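Listed below are the residues making up each chain.
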Amino acid sequence: MDFAHGRTSRQASFSPREFARALGATFAYTPRVMAMVWQTSRGLTAGVAAVTVVRALIPAATIWLTKLVIDAVVEAIAAGGTGDSVNRVVVLVVLQLVLALVGIALDHGGNALRAMLGDRFSNRINLMILEKAETLDLAYFEDSTFYDMLERARREANMRPTALVANVFSLASGFIQLVSVAALLAALAWWILLVVAVTSIPYLGADMWFARARYRMNWRRAPDARRLWYLGYVMTSDETVKEVRLFDLGGHLLEQYRRTFARFYRENRKLTLSRESVTFALGIVSAGTASGLYIFVALATIAGRLTLGDLTLYHQALVQTQERLRRIFADVNSMYEANLFLTNLFDFLAFEPTIRPDPGRRPVPRPVREGMAFHDVQFSYPGVREPVLRGIDLTINRGETIALVGANGAGKTTIVKLLTRLYDPSRGRVTLDGVDLREYDVASVRSQIGVTFQDFVQFHATANDNIGYGNLPLKDVRAMVESAARRSGAAETIEGLPESYDTTLGRWWGDGTELSGGEWQKIALARGYMRDAQLLILDEPTASLDARTEYEVFQRFRELTADHMAVLISHRFSTVRMADRIYVIENGRVSEHGTHEELLDRGGTYATWFGMQASAYR
């Protein structure tokens with residue numbers, strides 16, 4: 001899993017020799033993005049394209065009509081303001097009005113079509129990111145480098161793809177306008193077009209250089225940008241604000257925020273001032289060129305080689321040609337910049353899971369005949385050289401409850417992740433009825449497991465949904481939800497809420513009701529009980545419960561796991577002793593295992609820990 005691929009090329013210097021290559025890269029993702037736009041809405045895309053083409057022809061037509069109006073006015077004056085010459089002026093002006101009205105209609109219609117297409121396309125990109133994230137392995141989400149890439153992709157999702165689409169249509173419009181207007185200008189002298197092009201091209205080189213600099217700067221900033229978000233979250237979240245206030249951390253966190261933002265501002269200011277200084281100098285050159293060419297046309301008019309209408313036509317055509325070239329170069333630069341940033345998006349979308357559902361593999365047998373087992377299992381987290389598990393051997397027989405005990409970081413939760421195929425072993429096998437877990441369809445494996453984690457999720461949704469999420473197809477079967485709530489001990493709490501199971505939990509929404517830590521834990525337990533699972537796992541889920549309540553929870557747990565496999569993890573030995581067998585995990589290995597009584601008789605680590613905890617109650 002290579003999160004850093006492509007980094008060297010992104011940070012390479014941008015020299016004039018790379019200009020042609022960069023120009024080619026301008027369109028690297030454009031075909032792919034436009035194909036996605038077409039798939040998003042063929043009707044809207046075709047509508048925007050049609051409006052773009054028709055609207056692009058209006059400037060040249062307007063310039064030509066303006067020339068005709070001025071020449072017609074001159075003729076009417078020469079004719080004494082009578083006869084057909086006056087009517088011709090009126091007709092031409094009316095045609096100009098009609099053309100202007102058509103342009104206004106196309107502008108507003110095009111804006112509406114582009115806005116609707118932009119909304120739908122932006123939503124499509126965000127959905128693609130979420131859909132991709134939903135398929136990826138847990139390993140991705142436990143790596144900070146991946147989060148930097150996700151931050152870059154999400155940051156650009158609402159802007160860059162939509163901006164690229166707008167640039168494509170703008171570029172097409174600009175090109176049509178340029179060709180039509182330049183044709184009028186070329187009728188005077190072809191070399192004028194060459195002069196205009198030569199004096200405009202430096203804009204493109206400068207813009208692309210600064211676009212590359214901006215991209216490199218934002219790429220480098222991704223971790224700090226995520227840190228800024230985190231600082232804002234810590235200072236405003238109901239989950240963290242208590243400790244921020246208690247330990248008077250506000251000023252310290254604000255200072256970190258200010259320093260990071262101030263550095264961002266200094267970098268932005270330096271780049272902005274450099275860009276504006278260069279483009280200002282290029283603007284002077286462009287303006288001087290336009291004035292020189294205008295003098296040339298004016299002198300030709302004075303000499304009688306051109307009419308007054310020709311003077312107006314060529315002046316407007318000259319201005320339009322410069323503006324269109326500048327606009328085209330700006331669109332090309334924006335497309336170049338968008339393609340640079342879209343690398344972040346498509347790099348993210350290119351990630352592939354290593355553990356994926358495969359209905360073609362065998363389903364988990366029901367009922368399980370023997371149980372599950374670890375055979376010399378070793379596991380290292382991605383990017384971490386030191387293994388967390390070092391040759392684990394353990395079994396969970398059908399109808400048996402085992403307990404895992406050990407210090408924090410010993411590997412207990414990692415064992416749970418391997419049981420649920422959130423990870424696969426680096427070495428060794430996890431088997432179900434003697435068959436490697438990797439031979440089963442992962443969706444089938446997970447459908448047979450009910451888990452309540454120590455860091456369970458508090459969904460800011462209704463109590464019914466919080467429990468029903470444990471078995472989505474049965475989420476709205478109230479009898480199932482209520483049964484799970486009774487088994488976890490959450491029913492009494494829920495029935496006392498303002499709208500019972502329809503009460504929104506949490507404070508994120510205006511009608512939400514907050515629960516205590518222990519009440520939330522019972523909700524999480526109920527979620528785990530929603531499945532008719534063959535393996536039930538409780539991973540430190542009762543830390544906020546008092547000893548008596550925890551005892552009742554585990555007594556009920558034992559009743560519910562009859563004829564099933566069960567794993568419980570707890571630091572309270574009064575609970576652990578209820579397990580059929582206990583595994584002591586130390587430094588990633590099973591140091592001892594047996595029943596509670598056998599381990600006490602052995603006088604090893606378990607006996608020592610049990611004695612230490614028991615002494616606290618004497």
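Residues numbered from 1 in each chain as written. Predicted model: local features only at pLDDT ≥ 70, side-chain atom pairs only at ≥ 80, totals over all residues. Heavy atoms only, no water.

**Regarding the overall build of the protein**
What counts is decided by this rule: To qualify as a helix, a DSSP run of H or I must reach at least 4 residues; to qualify as a strand, a run of E must reach at least 2; elements of each kind are numbered from the N terminus. Only protein chains enter the accessibility calculation, which uses a 1.4 Å probe; a residue whose area is less than 20% of its type maximum is buried, one above 50% is exposed, and one in between is partly exposed. Whether two residues touch is decided by their heavy atoms; if any such pair falls within 4.5 Å, the residues are in contact. Methods summary: accessible areas were calculated by the Shrake-Rupley approach with a probe of 1.4 Å, and residue burial reflects only the protein chains presented.
A tally of regular secondary structure across the protein gives 22 helices and 10 strands. Across the 618 residues that make up the protein, the buried fraction comes to 48%. Partitioning the contacts of the protein with sequence separation of at least 6, the portion at a separation of at least 24 is 75%. Just so you have it, the protein exposes about 30,600 Å², and 58% of that area is on carbon and sulfur atoms.

**Describing a nonpolar patch on the surface**
What counts, and what does not: Candidates for patches are residues over 30% relative accessible area with no salt bridge; among them, like charges are joined within 9 Å and nonpolar side chains (Val, Leu, Ile, Met, Phe, Trp, Tyr) within 5 Å. Salt bridge, as applied in this entry: a Lys or Arg side-chain nitrogen positioned within 4 Å of an Asp or Glu carboxyl oxygen.
A cluster of nonpolar side chains, contributed by Val86, Val90, Val94, Val98 and Val102, occupies part of the molecular surface with about 340 Å² of accessible area. Structurally, Val86 can be placed in helix α5 (residues 84-135).

**Comments concerning the environment of Ala403**
Relative to the helices and strands, Ala403 is located in strand β3 (residues 401-405). Discounting chain neighbours no more than four positions away, the residues touching Ala403 are Leu568, Val576, Ala579, Arg581, Ile582 and Tyr583.

**With respect to the packing of aromatic side chains**
The condition that has to hold: Any two of the Phe, Tyr and Trp rings considered here, Trp counted by its six-membered ring, make a pair once their centres fall within 6.5 Å; the pair's planes then place it as stacked at under 30 degrees, edge-to-face at over 60, or tilted in between.
One pass over the structure, following the stated rule, counts 13 aromatic pairs. Pairing Phe146 with Phe351 gives two aromatic rings, centres 5.9 Å apart and planes at 55°, and the pair type is tilted. With Phe146 in helix α7 (residues 144-157) and Phe351 in the loop between α12 (308-349) and β1 (371-379), this residue pair connects regions lying 205 residues apart in the sequence. Take Phe146: its relative accessible area is 0%, and that puts it in the buried class. With a centroid separation of 6.2 Å and an interplanar angle of 80°, the aromatic rings of Phe573 and Phe610 are classed as edge-to-face. Remark: Phe610 occurs in helix α22 (residues 605-615) and Phe573 occurs in helix α20 (residues 573-576); sequence separation between them is 37 residues. The burial state of Phe573 is the same as that of Phe610; both residues are buried.

**Section: the nonpolar core**
Selection criterion: In this description, a nonpolar core means a group of buried Ala, Val, Leu, Ile, Met, Phe, Trp, Tyr and Cys residues linked to one another through side-chain atoms lying within 4.5 Å.
Counting residues in each nonpolar core, the largest one holds 51 residues, and the members touching the most others are Val33 and Phe348. Considering each element in turn, this core owes the most residues, 16 residues, to α12. Setting aside chain neighbours within four positions, we find Phe348 in contact with Ile129, Lys132, Ala133, Leu136, Phe146, Leu150 and Ala153. Residues Phe456, Ala463, Ala485 and Ala490 belong to the second largest nonpolar core, which totals 39 residues.

**Concerning the pairing of β1**
Selection criterion: Two strands are said to pair when DSSP picks up at least two bridges between them.
Strand direction decides the pairing type here: β1 and strand β2 (residues 389-397), joined by 7 bridges, are antiparallel. Bridge pairing in β2 links Phe374 to Leu394. In the sheet, β1 pairs with strand β4 (residues 427-432) via 5 bridges, with the strands oriented antiparallel. The residue bridging Phe374 from the neighbouring strand is Val430, located in β4.

**Thoughts on the sheet that holds strand β10 (residues 589-594)**
Heads up, the condition is: Helix axes are fitted to C-alpha atoms over the stretch in contact, other axes to C-alpha atoms as well, and angles between N-to-C directions run from 0 to 180 degrees.
Within the open sheet, the 6 strands sit side by side as β6-β7-β8-β3-β9-β10. Their pairing is mixed. In the strand order of this sheet, the two ends are held by β6 (449-452) and β10, each with one partner. Within the sheet, the average angular offset between the axes of one strand and its neighbour, ignoring direction, is 15°. In this sheet, strand β7 (residues 535-539) lies alongside β6 in parallel orientation, the contact comprising 4 bridges. Residue pairing for β7: Thr452 is matched across the bridge by Leu538. The strands touched by helix α13 (residues 412-419) within the sheet are β3, β6, β7, β8 (565-569) and β9 (581-586), with β8 carrying the most contacts at an inclination of about 155°. Where helix α18 (residues 517-529) meets the sheet, it contacts β6 and β7, and its direction lies at approximately 170° from that of β6.

**Focus on the pattern of salt bridges**
Throughout the structure, instances matching the rule amount to 22 salt bridges. In this structure, Asp107 and Arg55 form a salt bridge, with 2.8 Å as the shortest nitrogen-oxygen distance. Placement of Asp107 in helix α5 and of Arg55 in helix α4 (residues 42-78) is noted, with a sequence separation of 52 residues between them. Residue classification places Asp107 among the partly exposed positions, given a relative accessible area of 31%. Of the charged contacts, one joins Lys67 and Asp71 as a salt bridge, the two residues approaching to 2.8 Å between their closest N and O atoms. With Lys67 and Asp71 both in helix α4 and 4 residues apart, this pair spans about one turn of that helix. The same class applies to Lys67 and to Asp71, which are both buried.

**Looking at α18**
Spelled out, the test is: What a helix is expected to span follows from its residue count: subtract one and scale by 1.5 Å.
Spanning 13 residues, α18 covers 19 Å between terminal C-alpha atoms, matching the ideal 18 Å at 1.5 Å per step. Extensive coverage of α18 is indicated by the burial of 11 of its 13 residues. Inspection of α18 places Gly518, Trp520, Gln521, Lys522, Ile523, Ala524, Leu525, Ala526, Arg527, Gly528 and Tyr529 among the buried residues, and these make up the whole buried set.

**Considering the confidence of the model for the protein**
For clarity, the threshold we go by: For every residue, the predictor states its confidence as a pLDDT score lying anywhere from 0 to 100.
Confidence in the prediction for the protein averages 81 pLDDT; 90% of positions are at 70 or higher. Confidence drops under pLDDT 50 across residues 1-14; counting only partners more than four residues distant or on other chains, this segment forms 35 contacts.

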